[in-house]
Amino acid sequence: MGAGERDTGRTDDGRLRRARFAVAAVFAVHGAVTGGFATRIPWIQSHLDLGSGALGLALVLPAIGSSCAMPLAGRIGHRLGSRTALRLLIVLWCASVALPALSPGLPELCGALAVYGATSGMADVAMNALGVETEERLGRSIMSGLHGMWSAGTLVGSAAGTAAAHADLDARIHLGAAAAVLAVLGAVACHWVLDLRAAGDEQPPPRFALPPRAALVIGAVGFCAVFAEGASLDWSAVYLRDVIGSDPGVAAACTTAFTCTMALARFAGDPAVRRFGPVRTVRASGVPAAAGGLLVVTAQGAPSAIAGFALIGVGVAVVVPLAFAAAGRSGPAPSQAIAGVATITYTSGLVAPAAIGQIAEASSLVTSFGLVTALAVGLVAGAGVLRAPERTAVPAKPRQPSQTE
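Residue indices begin from 1 for each chain and proceed along its sequence in written order. Reporting in this predicted model follows two pLDDT cut-offs: at least 70 for local features of residues, and 80 or more for side-chain atom pairs to be given and counted; totals over whole chains, interfaces and linings ignore these cut-offs and use all residues. Hydrogens and water molecules were not included; the side-chain quantities draw on all heavy atoms of the structure.

Caption draft 1: Main features of the overall build of the chain. Per the secondary structure count, the chain includes 16 helices and two strands. Exposure classes here rest on a 1.4 Å probe applied to the protein chains alone. A residue is buried below 20% of its type maximum, exposed above 50%, and partly exposed in between. When the 405 residues of the chain are sorted by exposure, 50% land in the buried category. Of the contacts made within the chain by residues no fewer than 6 positions apart, 84% connect residues no fewer than 24 positions apart. The method behind every accessible area is Shrake-Rupley, applied with a 1.4 Å probe, and residues are considered shielded solely by the protein chains displayed. When the accessible surface of the chain is summed, it comes to about 17,000 Å², and 65% of that surface belongs to carbon and sulfur atoms. Numbering of helices and strands runs from the N terminus; a helix is a DSSP stretch of H or I covering at least four residues, while a strand is a stretch of E covering at least two. Pairs of residues are marked as contacts when any of their non-hydrogen atoms sit within 4.5 Å.

Caption draft 2: Structural detail: a nonpolar patch on the surface. In this analysis, a patch consists of residues with relative accessible area above 30% that form no salt bridge, clustered at 9 Å for like charges and at 5 Å for the nonpolar side chains Val, Leu, Ile, Met, Phe, Trp and Tyr. The rule for a salt bridge is simple: a side-chain nitrogen of Lys or Arg has to be within 4 Å of a carboxyl oxygen of Asp or Glu. On the surface, a nonpolar cluster with roughly 250 Å² of combined accessible area is contributed by Leu99, Leu102 and Val115. Secondary-structure assignment places Val115 in helix H8 (residues 106–138).

Caption draft 3: Representation of the environment of Asp168 in the model. Structurally, the position occupied by Asp168 is in the loop between helix H9 (143–166) and helix H10 (171–189). Residues Asp168 and Trp43, spaced 125 residues apart in sequence, show a C-alpha to C-alpha distance of 9.4 Å.

Caption draft 4: Summary view of the packing of helix H11 (residues 213–244) against helix H13 (residues 302–316). In contact at an axis separation of 10 Å, H11 and H13 are set at 170° when each is read in the N-to-C sense. By the criterion of interaxial angle, the relationship of H11 to H13 is roughly antiparallel. For the pair H11 and H13, contact is made by Ala225, Ala228, Glu229, Ser232, Ser236, Tyr239, Leu240 and Ile244 and by Ala302, Ala305, Ile306, Phe309, Ile312 and Val316, respectively. Following the grouping adopted for this structure description, the nonpolar residues are Ala, Val, Leu, Ile, Met, Phe, Trp, Tyr, Cys and Pro, the charged ones are Asp, Glu, Lys and Arg, and the polar ones are all others, Gly among them. Residues belonging to the contact of H11 with H13 are distributed by class as follows: eleven nonpolar, two polar and one charged. Axis angles are defined between N-to-C directions and span 0 to 180 degrees, where every axis is a line fitted to C-alpha atoms and, for a helix, only to the segment in contact. Should an angle fall under 35 degrees it is taken as roughly parallel, and over 145 as roughly antiparallel, whereas 65 to 115 is taken as roughly perpendicular and any remaining angle as oblique.

Caption draft 5: View of the packing of H11 against helix H15 (residues 334–362). Following both chains from N to C, one finds H11 and H15 inclined at 35°, their axes separated by 7 Å at the closest point. The two elements H11 and H15 meet at a crossing, and its hand is right-handed. Where H11 abuts H15, its residues Ala215, Leu216, Ile218, Gly219, Gly222, Phe223, Val226, Phe227, Gly230, Ala231, Asp234 and Trp235 lie against Ala337, Val341, Ile344, Thr345, Ser348, Gly349, Val351, Ala352, Pro353, Ala355, Ile356 and Gly357. Of the residues assigned to the contact of H11 with H15, the class counts are 16 nonpolar, seven polar and one charged. The sense of a crossing depends on the near helix, which, turned anticlockwise from the far helix by less than a right angle, makes the crossing left-handed and, turned clockwise, makes it right-handed.

Caption draft 6: Just unusual backbone geometry, in detail. Despite not being glycine, Asp49 shows a phi value in the positive range, around 55°. Positionally, Asp49 belongs in the loop between helix H2 (41–48) and helix H3 (52–58). Here the phi dihedral of Asp168 falls at roughly 60°; this positive angle occurs in a residue that is not glycine.

Caption draft 7: Examining helix H12 (residues 248–298) more closely. Look at H12: only 21 Å from first C-alpha to last across 51 residues, short of the 75 Å you get at 1.5 Å a residue. Between the side-chain oxygen at the start of H12 and the backbone nitrogen of Val250 there is a gap of 3.0 Å, and the oxygen is on Asp247. Multiply 1.5 Å by the residue count of a helix minus one, and that product is the helix's expected span. For this analysis, a polar contact is any N or O atom pair within 3.5 Å, provided that within protein one partner can donate a hydrogen and the other can accept it, and provided that sequence-adjacent residues contribute only side-chain to side-chain pairs.

Caption draft 8: View of the pattern of salt bridges. The final tally for this structure, using the stated rule, is five salt bridges. A salt bridge links Arg172 to Asp170; its shortest N-O distance comes to 2.7 Å. Under the relative-accessibility criterion, Asp170 is labelled partly exposed at 21%. A salt bridge links Arg197 to Asp195, with the shortest nitrogen-to-oxygen separation between them at 3.3 Å. Note on Arg197: relative accessible area 31%, which makes it partly exposed. Assessed through its relative accessible area of 3%, Asp195 is described here as buried.

Caption draft 9: Main features of H8. Taking 1.5 Å as the rise per residue, H8 with 33 residues should run 48 Å; its terminal C-alpha atoms sit 47 Å apart, in good agreement. The buried fraction of H8 amounts to 27 of the 33 residues, a majority that puts the element mostly inside the structure. The first or second residue beyond H8 is Gly139, which carries a positive phi of 80°.

Have a look at this one:
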């Protein structure tokens, strides 16, 4: 609290509202970086003259970098405070998006993508930990809406990237400019996020540690959702083209429908969580996800297949935000638990596209999405691990007593 500033309820409410909007802006910036980079992968492949195998190998590096670096986020936050740590990590993440386009060859590209993934993962953990803390202090669900802002940022970033690609703009110029603009926006937004600092006698978290058991259980639910999300995002257009026989324009529209329904469902998720709680919300979400998977595997035409993928998007949208929120409440080391859940979900996102392809090669894409349907049913069965504890009247936490404005 600033010098001479009175500690009033109105002041606290105003701070929390600003903190909520600020962390939402950071989520949007993070998503915009992701969306912008994805649109320029074809340019990078062409520029470096990479085959599909080489590109596929390089694109594994972001997930590896994320998984290795995520546990460090808690230690950085402990040392610098949450606000400075998030500002540093979001700026590094934004800057890293320019590196792949600047790479002169495959080895440099792999290194650049490892850095890209590492900074992404650490910023992801830091912003989700702050989102959970802000949610706790507000006393109502906001995590689904924060992830909705991430989805919205992804759409904006991909739209800008698509425009740059259609204009035949060099990706080094596009991603360099995007890195600069988004870094400034992220740094400015961090001015209003909560500034949480460890108590003087609080031990720093370990550099690397296995996720706590509670995070593993919560992460299993997140795994189901992200597997369905990754499979649908990467394979829905292929499914419509190869299984349904749709033309490329209709197939691409299916991916767009899936992305949009996910974003909309995340924005609608917080009111549902406030009214019904996270467990009932996820159980209810698992029903359209499973129904959507069933509709996909039985579809005889494009309309029913697109509707099925849209339902999967609706069904899985709120699960990951609620998994992060549950991880943050699961024990005394929220950053470590969130890092554990994030690592599991990132791994799921990495495994899903390859697993779908391998199953399809051995059998068929229809069989692959039968697995997605089964995992969607798993959301209904496993939702109980996301149960929220009873809230206290004053949501501030004694383990992080210092909040500087």
